[in-house]
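# Commentary on secondary and tertiary structure
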Amino acid sequence: MSEDIPADGHEGDGTAAVTLAPGMLEDLTRDVLESLIHNVIYQTALSCHRTEKQLRMQSAATSAESLALANLEPPSQKNAQSTQPSLPTAETNAALYENGRVFLKGNPLKTTPEIICPHCKLPRLMHPIMGKGMQQPDLTREYCMLYPWVQRSGHDVYGNPFPTDMAKSKKERELLKQQQKQADKESVGTPGSQDTDMNAGDGTQGKEIKLNTGGKPASYIPWHTCPKCKRSLLITRFAHHLDKCLGISGRQSSRAAMAKISGVNGNSSGVGNTPLGSRMGTPAPGSQGDGPIPKSKAKGISPVKNLRDNADDDEGDDTPEKKKKKTKSSYVKKADREKASKEGTPSGSGVKIKLKTSTPSSERRDSNISEKREREGSEDGAPKAKKLKLSIGKAGSPPAPTPLAQGSP
Amino acid sequence: MEAIAKTPALASPKLIKNAKGAVVPSSQMAHIAYGCEHMRTMIENARKPTFGHYRGILQKIYEEPSVIAQTYNSKADGLSLISLRPLYLCLQCPNIMTETDRDEHIDSKRHIFSVESRSGNVYCGDCQDFIYDPDLEERRLQKGKKRKYEDTTTTEEHKLVLNNSTFLPCRAIGLRGLYNMGQTCFMSVILQTLIHNPFIRNFYLSEGHKTVDCERESCVSCALDEMFVEFHSVEKTEGFGAVNMLMGSWLAGEALAGYQQQDAHEYMQFMLNTLHLQNGGSTDSEDCDCIVHQTFYGRLSSTVTCDNCRNTTTALDPYMDLSLDIRNLPKKKKSEAANSDEKSIALQSCLDRFTGREKLGAAEYTCQNCDSGQNATKQLSIKQLPPVLPIHLKRFEHAKSTSTKIETKISFPLSLDLYPYTTEYRSKAPPKNVAPPNTNHNINSPANTLIYELSSVVVHKGKIDSGHYISYSREGDDWFMFDDSKVVLASEKEVLGAEAYLLFYMVQALEL
């Protein structure tokens with residue numbers, strides 16, 4: 001570092017014929033090149049150092065604060081009305097907390113090996129839970145839900161498998177579901193009931209926690225209620241349905257859709273005379289990423305095949321008899337899903353009974369309706385909460401200043 | 001270079017409640033007072049001089065010619081030497097030193113703090129490490145400039161926020177896929193770029209569009225609001241079904257409605273226009289301060305010079321994106337054809353052509369001065385740049401009866417200097433391919449540059465009539481690939497190698 005291009009200055013102001021000593025240019029070139037590479041490495045290392053050290057600084061502060069507030073907790077709960085509780089203080093080997101301010105002790109990179117999430121105050125996992133660079137964590141502890149990103153083929157950043165059977169027919173999916181149930185019964189604790197794991201994990205301590213990818217099994221396809229006709233249908237078929245439901249692709253299909261809707265909501269009579277030509281075929285394979293098939297192709301699916309395949313849920317122009325069957329089967333499916341989510345345990349037996357017994361149709365319709373409501377409710381419920389929005393009327397204070405937005409108006 | 005200024009954007013906007021739901025602390029995150037124990041002593045004893053001196057050093061690093069901070073006096077012979085490597089500027093005296101001299105200076109003078117000369121980070125001799133003091137760091141990120149913006153949130157407001165907020169899952173940072181609802185990937189990619197646009201995100205997350213007060217039916221802005229809430233406050237990680245958005249879009253834009261494939265660029269234009277109208281904009285007003293205009297609105301200057309009388313007419317046209325021609329350059333075919341057909345075309349040369357001079361025939365242009373058709377020269381340039389610049393590469397060619405897709409590879413950079421395409425530069429510096437001079441000789445904030453950074457890429461795969469759209473977006477330093485409901489980590493290399501259709505460049509830094 002001390003031999004910093006001594007020739008640089010001379011070369012700069014030398015006017016015409018600067019003769020360099022033999023080998024000088026070579027030395028100079030090497031020196032410049034080395035310095036440049038040094039700078040690149042230096043910048044990269046410093047950038048990484050900054051990120052990691054700041055995380056440790058915050059972690060040391062968070063731990064100290066948590067400790068201080070934990071000490072403070074009992075009095076404040078007993079006499080909640082007492083105005084000025086004693087000033088919270090706490091000291092760890094990495095930081096000193098004094099009434100809202102944290103003073104670091106020593107180098108956080110040495111004192112604080114772990115990263116504590118400043119939001120939920122739980123330790124962060126340091127390695128992905130699967131795939132590239134994965135390490136099995138200590139499962140007796142609870143972790144911040146923001147896991148390191150997973151890099152594994154066929155899986156998303158959270159570790160969820162990609163949806164696999166978007167294009168599968170309903171019958172196939174139900175078959176899979178049955179098999180899944182069967183498997184679940186034999187070995188308890190397999191994926192498929194991840195949601196319940198998460199809820200149970202909150203209060204438990206000492207118990208082994210389960211890592212949670214937050215998503216759904218690969219076979220999962222969500223259902224959605226059509227905002228227009230309130231029918232519930234598979235998300236992958238939504239555009240197709242809405243096209244007809246809103247009557248976008250011409251009057252013919254609009255009428256077909258209307259007939260379909262009234263057929264469903266009414267007593268499912270008089271639907272049979274819809275021309276078979278307007279029937280749509282199997283779900284678009286495009287949902288798997290290959291690009292959707294053109295409309296014309298979809299229309300070309302033969303009606304016979306469709307009837308046999310029991311293709312999907314966007315039918316509606318089937319015979320009334322057919323319709324009943326379908327309603328029933330879909331009902332069972334919904335009920336079984338609901339049940340599973342309520343009880344948190346896979347219960348194949350209950351489903352079987354329902355499949356076999358023929359429930360009175362009136363009762364069935366009732367429960368169908370209530371279910372639909374429940375689904376709507378659960379869909380709307382979360383967004384309505386608007387948890388993160390603050391209405392303090394400060395448009396100028398963005399809540400999430402990501403680095404690039406730091407200067408946003 | 002600026003990578004150092006970026007913090008990993010791992011945490012989403014959150015409000016805090018004690019893990020057990022009990023006591024709510026006075027601050028959102030534990031507040032660190034000082035970078036280290038030694039800096040605490042320093043600032044407590046000499047607050048003003050420390051900050052003052054640090055600001056002076058930062059101005060030296062970010063404004064004055066870089067050679068000043070890169071020159072030191074040799075200990076051996078007293079000569080002034082220039083270093084390409086980082087030097088250290090003492091925070092307590094005017095010394096500029098090499099790393100070894102710095103350590104000696106710390107021991108002999110007990111001036112324990114020094115500032116490295118490349119980006120202004122502070123080194124503590126007692127910690128023997130770089131420290132990141134919150135107050136100093138704030139000044140460093142401002143590049144030593146005086147802050148105009150003040151956080152005016154009062155304690156009362158802070159309490160109000162804390163009392164009315166609930167804990168949000170740490171995982172909900174906006175990374176979710178969008179289910180393909182049947183040929184809707186053109187919509188998903190545009191929505192993903194909007195969701196990962198910090199300007200749009202901050203607008204919606206700060207109650208920019210109040211769904212409760214909105215009386216429109218099937219409002220697209222409400223549907224986008226719903227998505228932001230869903231993406232940033234729910235623990236779920238599976239895809240999202242943008243049903244309301246689909247319905248809203250179809251009802252608002254008849255041309256795009258229906259179960260069929262659409263062009264993502266058209267959908268983007270539709271979205272921006274609709275969001276503009278639904279957030280207080282009107283159809284005719286040019287200067288609109290709605291969020292869409294604040295984020296995407298720019299103006300192009302179009303100058304036509306008559307070859308006969310040299311009369312010049314200038315027109316300003318608004319734009320929300322630049323549409324670039326990517327066909328092979330017709331004139332250079334002979335010299336470069338062999339190479340350019342195989343190789344990729346650089347985005348910069350597309351921009352060069354876009355802002356280049358174009359001959360107009362007498363049939364195309366009527367000079368008002370000469371009152372007749374005249375040959376003329378036309379030139380486009382960027383008069384005003386938006387904070388986020390979408391660039392559309394014209395991959396789809398529509399002839400009379402057939403449409404074809406141009407599959408030419410376009411190479412694009414992670415960071416793009418847009419200054420050479422501005423009116424300011426084009427009007428006074430005609431020679432092509434000459435980089436504008438850096439008149440202030442500073443490498444950290446060079447004059448005559450306008451650096452934009454790549455933030456999102458929309459990719460069209462496959463044939464024109466049976467293709468598929470995917471997109472990439474950056475969050476912090478990480479790139480993610482969005483393919484319908486799938487979200488996957490992507491490498492920079494993968495992003496830069498993609499067959500881009502739309503590129504989104506975001507300004508590197510905004511001055512407040």
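Nothing here was measured: the structure is a model prediction, and the numbers come from that model.

### Let's talk about the overall build of chain B
- Within chain B one finds 16 helices and 26 strands.
- The burial tally for chain B puts 55% of its 512 residues in the buried class.
- Sequence separation of 24 or more characterises 66% of the internal contacts of chain B that already satisfy a separation of 6 or more.
- Accessible surface computed for chain B: about 22500 Å², of which carbon and sulfur atoms make up 49%.

### Notes on the sheet that holds strand 4 (residues 88–90) of chain B
Residue and element names in this part refer to chain B.
- What the five strands build is an open sheet, ordered 5-4-6-7-8; its pairing is antiparallel. In this open sheet, the two edge strands, each paired with only one partner strand, are strand 5 (96–97) and strand 8 (129–131).
- The pairing of strand 4 with strand 6 (residues 113–116) spans three bridges and is classified as antiparallel. Residue pairing across strands places C90 opposite S114, the latter belonging to strand 6.

### Let's talk about the nonpolar core
- With 64 residues, the main nonpolar core has L191, L224, M227, M245, Y267 and M271 of chain B as its most contacted residues.
- A per-element tally of this core places helix 7 (residues 185–195) of chain B first, with eight residues.
- Listed in part, the 49 residues of the second largest apolar core include Y42 and A94 of chain A together with M39 and L87 of chain B.

### A look at the environment of D478 of chain B
- Checked against the element boundaries, D478 of chain B lands in strand 24 (residues 478–483).
- Given a relative accessible area of 28%, D478 of chain B falls into the partly exposed group.
- Put simply, D478 of chain B and K428 of chain B are 50 residues apart on the chain and 39 Å apart in space, counted from C-alpha to C-alpha.
- Among all residues touching D478 of chain B, those that are not within four sequence positions of it are W149 of chain A together with S473 and L489 of chain B.

### Focus on the confidence of the model for chain A
Residues and elements named next belong to chain A.
- Averaged over all residues, the pLDDT of chain A is 62; the fraction at 70 or higher stands at 43%.
- Mean pLDDT across the secondary structure elements of chain A bottoms out at helix 11 (residues 348–356), with 37, and peaks at helix 3 (residues 108–111), with 92.
- Within the model, pLDDT remains below 50 along residues 1–14, and this stretch shows 21 contacts once partners closer than five positions in the same chain are excluded.

### Things to note about the confidence of the model for chain B
Residue and element names in this part refer to chain B.
- With 87% of its residues at a pLDDT of 70 or more, chain B shows a mean pLDDT of 83.
- Note that pLDDT drops below 50 for residues 1–27; the model gives that stretch 80 contacts with residues more than four away or on any other chain.
- Contacts from residues 331–338, a stretch scored under 50 in pLDDT, to residues over four places away or in other chains number one contact.

### Some points on the pattern of salt bridges
- Applying the stated criterion across every chain yields a total of 20 salt bridges over all chains.
- Connected through salt bridges with shared partners, the residues E26, D27 and R30 of chain A form a single ionic network.

### Observations regarding helix 10 (residues 243–252) of chain B
- Counted residue by residue, helix 10 of chain B has seven buried out of ten residues, so it is predominantly covered.
- Buried residues of helix 10 of chain B: V243, M245, L246, M247, G248, S249 and W250 of chain B, and no others.
- Where the residues of helix 10 of chain B are buried, they touch strand 4 (223–225) and helix 6 (238–245) of chain A together with helix 7, helix 9 (220–233) and helix 11 (264–278) of chain B.

### What to know about the packing of helix 9 of chain B against helix 10 of chain B
All names here are of chain B.
- Remark: helix 9 packs on helix 10, axes separated minimally by 8 Å, with the N-to-C direction vectors making an angle of 165°. Relative to helix 10, the element helix 9 is oriented roughly antiparallel. Here helix 9 runs over helix 10; the crossing is left-handed. Contact with helix 9, carried on its side by V220, A223, L224, E226 and M227, involves N244, M245, G248, S249 and A252 of helix 10 and no other residues of that element.
- Its residues placed into classes, the contact of helix 9 with helix 10 shows six nonpolar, three polar and one charged.

### Focus on the side chain of Q262 of chain B
- By the element assignment, Q262 of chain B lies in the loop between helix 10 and helix 11.
- If we skip the residues at most four places from it in the chain, Q262 of chain B touches F186, A255, L256, A257 and Y469 of chain B.

### Side note on the packing of aromatic side chains
Residues and elements named next belong to chain B.
- As enumerated under the stated definition, the model contains 13 aromatic pairs over all chains in all.
- Each ring, one from F203 and one from Y204, has its centre 5.1 Å from the other, and the planes form 90°; the classification is edge-to-face.
- Aromatic side chains F231 and F240 sit 5.9 Å apart centroid to centroid with 80° between the ring planes, which places their arrangement in the edge-to-face category. This pair shows no difference in class: F231 is buried, exactly as F240 is.

### Re the packing of helix 6 of chain A against helix 10 of chain B
- Two elements in contact, helix 6 of chain A and helix 10 of chain B, have axes separated by 11 Å at closest approach and are oriented at 40°. The orientation of helix 6 of chain A with respect to helix 10 of chain B, classified from their angle, is oblique. Along this stretch, helix 6 of chain A crosses helix 10 of chain B, giving a crossing that reads as right-handed. On the side of helix 6 of chain A, the interface is formed by F238, A239, L242 and D243 of chain A, while helix 10 of chain B contributes V243, L246, M247 and W250 of chain B.

### A few points about the pairing of strand 22 (residues 451–461) of chain B
Residues and elements named next belong to chain B.
- In terms of burial, strand 22 is largely enclosed, as nine of its eleven residues are buried.
- Relative to strand 26 (residues 500–507), strand 22 runs antiparallel, the two being bridged by seven bridges. Paired with L454 across the strands is Y505, a residue of strand 26.
- Bridge count for strand 22 against strand 23 (residues 468–475) is six bridges, and the pairing is antiparallel. Residue pairing across strands places H460 opposite Y469, the latter belonging to strand 23.
- What sits between strand 22 and strand 23 in their antiparallel hairpin is a turn of six residues, with G462 showing a positive phi close to 90°.

### Some points on the pairing of strand 25 (residues 486–490) of chain B
Residues and elements named next belong to chain B.
- The buried fraction of strand 25 amounts to four of the five residues, a majority that puts the element mostly inside the structure.
- Of the pairings in the sheet, the one linking strand 24 to strand 25 comprises five bridges and is antiparallel in character. Bridged to D483 within strand 25 is K486.
- Hairpin connection from strand 24 to strand 25: two residues lie between these consecutive antiparallel strands, with D484 at a positive phi of about 50°.

### Quick notes on unusual backbone geometry
- Notably, K230 of chain A is not glycine yet its phi reads approximately 65°, a positive angle.
- Its location among the elements puts K230 of chain A in the loop between strand 4 and strand 5 (232–234).
- Residue classification places K230 of chain A among the partly exposed positions, given a relative accessible area of 41%.
- The residue H441 of chain B is not glycine, and still its phi comes out positive at about 55°.
- Assignment of secondary structure puts H441 of chain B in the loop between helix 15 (423–428) and strand 22.

### Points about the sheet that holds strand 1 (residues 31–32) of chain B
- The sheet built from four strands is open, its strands ordered 1(A)-2(A)-3(A)-1(B) with mixed pairing. Edge positions in the sheet fall to strand 1 (89–91) of chain A together with strand 1 of chain B, since each has one partner strand and no second.
- As paired strands, strand 1 of chain A and strand 2 (residues 95–98) of chain A are joined by three bridges and run antiparallel to one another. Pairing of A90 of chain A across the sheet is with Y97 of chain A, part of strand 2 of chain A.

### Digging into a nonpolar patch on the surface
- Side chains of V18, L20, M24 and L25 of chain A sit close together on the surface and give an oily, nonpolar patch of about 310 Å² of accessible area.
- Mapped onto the elements of the fold, L20 of chain A is located in the loop between helix 1 (8–13) and helix 2 (24–78).

### Looking at helix 2 (residues 47–62) of chain B
- For helix 2 of chain B, which comprises 16 residues, the first-to-last C-alpha distance of 22 Å matches the rise-based estimate of 22 Å (1.5 Å per residue) to within 8%.
- If you follow the buried residues of helix 2 of chain B, they end up packed against helix 1 (37–45), strand 4, strand 6, strand 7 (122–124) and helix 5 (134–141) of chain B.

Here is what the cut-offs are and how they apply
- Residues numbered from 1 in each chain as written.
- Chains lettered and ligands numbered in written order.
- Predicted model: local features only at pLDDT ≥ 70, side-chain atom pairs only at ≥ 80, totals over all residues.
- Heavy atoms only, no water.
- Helix = DSSP H or I, 4+ residues; strand = E, 2+ residues; numbered from the N terminus.
- Buried < 20%, exposed > 50% of the residue type's maximum accessible area, 1.4 Å probe, protein only.
- Contact = heavy atoms within 4.5 Å.
- Areas by Shrake-Rupley, 256 points an atom, 1.4 Å probe, with all protein chains shown as cover.
- Pairing = 2+ DSSP bridges.
- Core = buried A, V, L, I, M, F, W, Y, C linked by side-chain atoms within 4.5 Å.
- pLDDT = per-residue confidence, 0-100.
- Salt bridge = Lys/Arg side-chain N within 4 Å of Asp/Glu carboxyl O.
- Axes fitted to C-alpha atoms, helices over the stretch in contact; angles between N-to-C directions.
- Parallel < 35°, antiparallel > 145°, perpendicular 65-115°, else oblique.
- Left-handed = near helix turned anticlockwise from the far one by under 90°.
- Nonpolar A, V, L, I, M, F, W, Y, C, P; charged D, E, K, R; others polar.
- Phe/Tyr/Trp six-rings, centres within 6.5 Å; stacked < 30°, edge-to-face > 60°.
- Patch = residues over 30% accessible without salt bridge, like charges linked within 9 Å, V, L, I, M, F, W, Y side chains within 5 Å.
- Expected span 1.5 Å × (residues − 1).

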